[in-house]
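Examining the three-dimensional arrangement
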Amino acid sequence: MAFSDIHTHFNPGRVVFGPGAIQEIPGFLETEAKVFLVSDPGVVSAGVLEPVEEMLKEAGIAYSLYDRVLPDAPLSSIEEASAQYREEGCGALLVVGGGSAIDSAKAVGVDVTLEGGAAAAATGAELTGPIPPMVAVPTTAGTGSEVTGVAVVADEANKIKIVLRGGELLKPKTAILDPELLANLPPKVAAETGADALSHALEALVNRNRQPFAEAHALHAIRLIFENLRALVGDPSNLEAGVNMLAASTLAGQAFANVGLGLTHSLAHPLGAHHHVSHGLACAIYLPVVMEFNSLAAAGAYRRAAQAMGLEVGGLTDMEAAGAAVLAVEELFEDVGIPLSYQELGVEFQVTDEMIEEVLGVPTRAINPRVSTREDIVALFNAPR
Ligand SMILES: [Fe+2]
């Protein structure tokens with residue numbers, strides 16, 4: 001960080017965690033208003049929503065269910081959900097799902113709060129007041145969206161990802177982390193979402209806004225991911241690995257909610273939007289190459305990351321320790337079955353001017369520790385082969 005700057009660090013709202021933590025949902029809704037319950041078809045078919053609905057009925061809490069969240073949260077589905085929120089006269093949000101579901105619920109919150117709705121927010125209009133009170137219950141350990149003030153939605157027509165930014169006004173009031181909800185997660189999803197969490201931690205650790213509070217969260221997230229991701233992918237019903245990975249994803253979310261991300265995410269969003277690659281995979285494919293690129297500017301921070309990964313770095317220079325951290329990330333990804341090249345990913349990758357322009361214009365590029373030219377962006381796009 002620039003030590004002459006004044007920083008502000010926010011902590012998240014309430015975080016409730018542990019096996020069976022979803023039992024606490026009714027007590028945290030804190031509202032007389034009808035609850036808008038957001039979920040996705042995968043969560044419904046995994047049987048995760050049923051106990052939540054039963055709990056609400058038992059507690060006499062009125063709710064309206066929207067369970068048609070689509071991957072990548074396209075704006076059209078947000079508008080459909082908001083229409084239902086208004087028709088049903090809802091006044092609070094409860095979301096049970098992965099990153100797309102939580103981001104969709106936040107976007108509905110923006111849509112019903114801001115004049116001009118989510119479409120206006122997508123073009124830069126800012127929230128002037130908080131979204132309705134939200135309880136977020138993640139069913140994957142990755143996005144950290146349960147504690148961040150951003151929501152990523154997809155503009156399908158223009159093939160771009162839009163980041164809605166609302167800071168404290170867009171943060172859920174309560175995050176409930178229940179590892180029992182991960183028990184039926186496909187191991188592939190556990191791996192990909194874990195890679196997203198690791199990208200958040202490593203980008204928040206090294207970027208230009210880095211500061212000690214965010215670093216504490218990021219480093220512990222890295223430690224927990226290296227200690228638990230393999231075990232969770234091996235057995236998603238492992239409660240210890242589950243609660244630790246949920247904690248890691250929330251800690252990493254808290255880190256980047258305060259300081260932002262970097263080039264891995266700048267590159268991942270266009271890949272996701274143009275080639276329909278999941279966000280976690282898109283981050284995973286660029287994380288090692290971006291780390292290598294960034295080492296010149298952030299070797300000291302990567303050394304601390306290497307230590308958090310459990311590597312022995314005594315006697316190594318910072319650059320050598322940074323190199324060891326890159327290798328450890330690649331090894332982790334290989335172990336959990338994450339592709340490290342376009343070929344393995346099955347994508348016919350061709351970098352386009354449009355994708356380069358997108359990267360050149362995003363704020364995550366501006367805060368990346370190492371400055372990047374247009375040629376650097378092209379080289380990074382072409383690196384994972
Ligand atoms: Fe991410």
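The shown structure was predicted, so the numbers you read here are calculated from the model rather than taken from an experiment.

Considering the nonpolar core
Grouped together as the largest cluster of nonpolar side chains are 128 residues, with contacts concentrated most on Val-38, Val-95, Val-153, Ala-201, Ala-221 and Ile-222. Here this core gets 17 residues from one element, more than from any other, and that element is helix H11 (residues 279-308). Here this core spans two domains, since at least three of its residues come from each of domain 1 (21-177) and domain 2 (185-382). Not counting residues up to four positions away in its chain, the partners in contact with Ala-221 are Ala-197, Ala-201, Ala-248, Leu-251, Ala-252 and Ala-255.

Things to note about the domain arrangement of the protein chain
Under the domain assignment used here, the protein chain contains domain 1 (21-177) and domain 2 (185-382). Put simply, the middle of domain 1 and the middle of domain 2, counted by C-alpha atoms, are 26 Å apart. Listed as interface residues are 18 residues of domain 1 and, on the opposing side, 26 residues of domain 2. Counting residues per element, the ones that place at least two in the side of domain 1 that touches domain 2 are strand S7 (160-165) and strand S8 (174-177). Across the side of domain 1 that touches domain 2, the residue classes tally to seven nonpolar, eight polar and three charged.

Things to note about the environment of Tyr-286
Within the secondary structure, Tyr-286 sits in helix H11. A count of 22 C-beta atoms within 10 Å places Tyr-286 in the buried class. In this structure the C-alpha to C-alpha distance between Tyr-286 and Met-134, which are 152 residues apart in sequence, comes to 32 Å. If we ignore the near neighbours within four places in the chain, the residues touching Tyr-286 are Thr-264, Leu-267, Ala-268, Leu-380 and Pro-384.

Notes on unusual backbone geometry
Phi angles above zero are rare outside glycine, and Asp-72 is one such case at about 70°. Given 20 C-beta atoms within a 10 Å radius, Asp-72 is considered buried. You will see that Ala-73, though not glycine, has its phi angle at about 45°, which is positive. In this fold, Ala-73 is placed in the loop between strand S3 (63-66) and helix H4 (75-87).

A short note on the packing of helix H14 (residues 353-361) against helix H16 (residues 374-382)
Between H14 and H16, whose axes approach to 10 Å, the crossing angle comes to 120°. Our classification of the angle between H14 and H16 gives oblique. Crossing hand, H14 versus H16: right-handed. Residue-level inspection shows Met-355, Ile-356, Val-359 and Leu-360 of H14 in contact with H16, the latter providing Arg-374, Ile-377, Val-378 and Phe-381. Within the contact of H14 with H16, the residues separate by chemical class into seven nonpolar, no polar and one charged.

Quick word on the packing of helix H7 (residues 187-206) against H11
At their nearest, the axes of H7 and H11 sit 9 Å apart, and the two run at 30° to each other. Taken together, the axes of H7 and H11 are roughly parallel relative to one another. In the crossing of H7 with H11, the sense of the turn from one axis to the other is left-handed. Here Glu-192, Thr-193, Ala-195, Asp-196, Ser-199, Leu-202, Leu-205 and Val-206 of H7 come into contact with H11, specifically with His-279, Gly-280, Leu-281, Cys-283, Ala-284, Leu-287, Met-291, Asn-294, Ala-298, Ala-301, Tyr-302 and Ala-305.

Description of the pairing of strand S6 (residues 150-155)
In terms of burial, S6 is largely enclosed, as five of its six residues are buried. Summarising the sheet, S6 and S7 pair through six bridges and their orientation is antiparallel. Bridge pairing in S7 links Val-153 to Ile-162.

Topic: the sheet that holds S3
Adjacent strands of a sheet form backbone hydrogen bonds with each other and so pair up, either parallel or antiparallel. Taken together, six strands build an open sheet; the order of strands is S1-S8-S5-S4-S2-S3 and the sheet is parallel. Looking at strand neighbours, the two that pair on one side only are strand S1 (14-17) and S3, the edges of this open sheet. Direction aside, neighbouring strands of the sheet carry axes that sit 20° apart on average. The strands touched by helix H5 (residues 99-113) are strand S2 (34-39), strand S4 (90-97) and strand S5 (134-138); relative to S4, the strand with the most contacts, the crossing angle is about 165°. Packed on one face of the sheet, helix H9 (residues 239-259) meets S1, S5 and S8 and runs near 150° to S8.

Rules used throughout
Residues numbered from 1 in each chain as written. Predicted model: local features only at pLDDT ≥ 70, side-chain atom pairs only at ≥ 80, totals over all residues. Core = buried A, V, L, I, M, F, W, Y, C linked by C-beta atoms within 7 Å. Buried ≥ 20, exposed ≤ 12 C-beta atoms within 10 Å, placed from the backbone. Helix = DSSP H or I, 4+ residues; strand = E, 2+ residues; numbered from the N terminus. Domains from an automatic or database assignment. Contact = placed C-beta atoms within 7 Å. Nonpolar A, V, L, I, M, F, W, Y, C, P; charged D, E, K, R; others polar. Axes fitted to C-alpha atoms, helices over the stretch in contact; angles between N-to-C directions. Parallel < 35°, antiparallel > 145°, perpendicular 65-115°, else oblique. Left-handed = near helix turned anticlockwise from the far one by under 90°. Pairing = 2+ DSSP bridges.

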